[in-house]
Amino acid sequence: MKKITFLSLLLLACVTLCGAPKIILKLDDLGVTENKCSCKLTLDYLIKKNIKASYGIIADRLDNTAKATLQPYLDAKNKKGENMVEMWHHGLDHKRPEFRETSYEYQKEHFDRATQIICSALGIKLHTFGAPFNAVDSVTYRVIAGDPDFKVVFFAKPEYRYSKKITYLNNRVSIEQGTGNILFDQFIKDYEQKKGNYNDYIVLQAHPNKWTKTELDELDKIIEYLQNEGCEFVLPYEYVNSITK
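What follows deals with the overall build of the protein. Summing up its helical and strand segments, the protein has eight helices and ten strands in all. Taking 245 residues into account, the globule formula puts the C-alpha radius of gyration at 18 Å, and the protein, at 19 Å, falls close to it. Its C-alpha atoms give the protein principal-axis dimensions of about 70 × 40 × 35 Å. Taken across its 245 residues, the protein has 50% of its residues classed as buried. The contacts in the protein between residues at least 6 apart in sequence include a share of 73% that link residues at least 24 apart. Accessible area of the protein: about 12700 Å², with a carbon and sulfur share of 52%. The distance from the centre of the 34 positive side-chain charges to the centre of the 32 negative ones in the protein is 5 Å.

Before going further, it helps to spend a moment on the side chain of N171. Topologically, N171 is positioned in the loop between β7 (167–169) and β8 (172–174). The class for N171 is buried, based on a relative accessible area of 14%. A distance of 3.2 Å separates a polar atom in the side chain of N171 from a polar atom in the side chain of D200. Residues within four places of N171 in sequence aside, it is in contact with Y198, D200, Y201, I202 and V203.

Looking now at the pattern of salt bridges. As enumerated under the stated definition, the model contains 14 salt bridges in all. Across the salt bridge formed by K52 and E82, the nearest N and O atoms sit 2.9 Å from each other. Pair noted here: K52 is in the loop between α2 (40–48) and β3 (53–62) and E82 is in the loop between α3 (66–75) and β4 (85–89), with a separation of 30 residues, a long-range link. One salt bridge connects K125 with D149, and the closest N-O pair in it is separated by 3.9 Å. On the criterion of sequence distance, the pair formed by K125 in the loop between α4 (104–122) and β5 (128–129) and D149 in the loop between α5 (138–145) and β6 (152–154) is long-range, its members being 24 residues apart. Sharing partners across several salt bridges, the network here consists of K52, E82 and E238.

Turning next to the confidence of the model for the protein. Regions with low pLDDT carry predicted coordinates that are not meant to be interpreted in detail. For the protein, per-residue confidence averages 91 on the pLDDT scale, and residues scoring 70 or more make up 93% of the total. When the criterion is pLDDT under 50, residues 1–17 qualifies, and its contacts beyond four places in sequence or with other chains add up to two contacts.

Cut-offs and rules
- Residues numbered from 1 in each chain as written.
- Predicted model: local features only at pLDDT ≥ 70, side-chain atom pairs only at ≥ 80, totals over all residues.
- Heavy atoms only, no water.
- Helix = DSSP H or I, 4+ residues; strand = E, 2+ residues; numbered from the N terminus.
- Rg over C-alpha atoms; globule rule 2.2 N^0.38 Å.
- Buried < 20%, exposed > 50% of the residue type's maximum accessible area, 1.4 Å probe, protein only.
- Contact = heavy atoms within 4.5 Å.
- Areas by Shrake-Rupley, 256 points an atom, 1.4 Å probe, with all protein chains shown as cover.
- Lys, Arg positive; Asp, Glu negative; His and termini not counted.
- Charge placed at Lys NZ, Arg CZ, Asp CG, Glu CD.
- Polar contact = N/O pair within 3.5 Å; in protein donor to acceptor, adjacent residues only side chain to side chain.
- Salt bridge = Lys/Arg side-chain N within 4 Å of Asp/Glu carboxyl O.
- pLDDT = per-residue confidence, 0-100.

Structure, rendered in structure tokens:
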């Protein structure tokens, strides 16, 4: 009887672990000027915690010190030799409107200029896009589809989806009450409401450019809770590659 009980519990634990959603940290508004990175505190913290995270770069907030400042994070690997950080396209100037209710020519210019600036400054290719304020329209996805390097888009309304070659990540759980105000209680409330519907992945969006230790303590509680749930933290492009192969 004890053997059956043990095996049952073991099976239940395995199912729970295997069924836990992947977690994608979408951290917005990274910039680098004069060797100072707006998200340094969070980058250092998550690398030390061995947690993968992705950061949205605003192209106009990079200067010629960006590569030297960010290279250690771009090079960071976990014990499996996997990248710890993904940088993604978060617009050219982050002004409203940028990717909503503007012309195709305007959006394409902003998208292409930002891509060129970021790739040139950091010596990388970009594969993921997230609009400032998550504000997009159908034109935006026509623009993105024109660049074959882009495979991932955060928070796209179904009616705006333009290309089957792009994966749209929409399973969002809120961890902030107001921009930058991360709260564990807010996360628990939203997570418990949505986790039954989000079995494959969850995106947690936050704005760490003004975080202090207080906000990181809240993030730490969220990370611990999700790890206890059996969740694994992954990068957006990494996750999309894993489901499209």
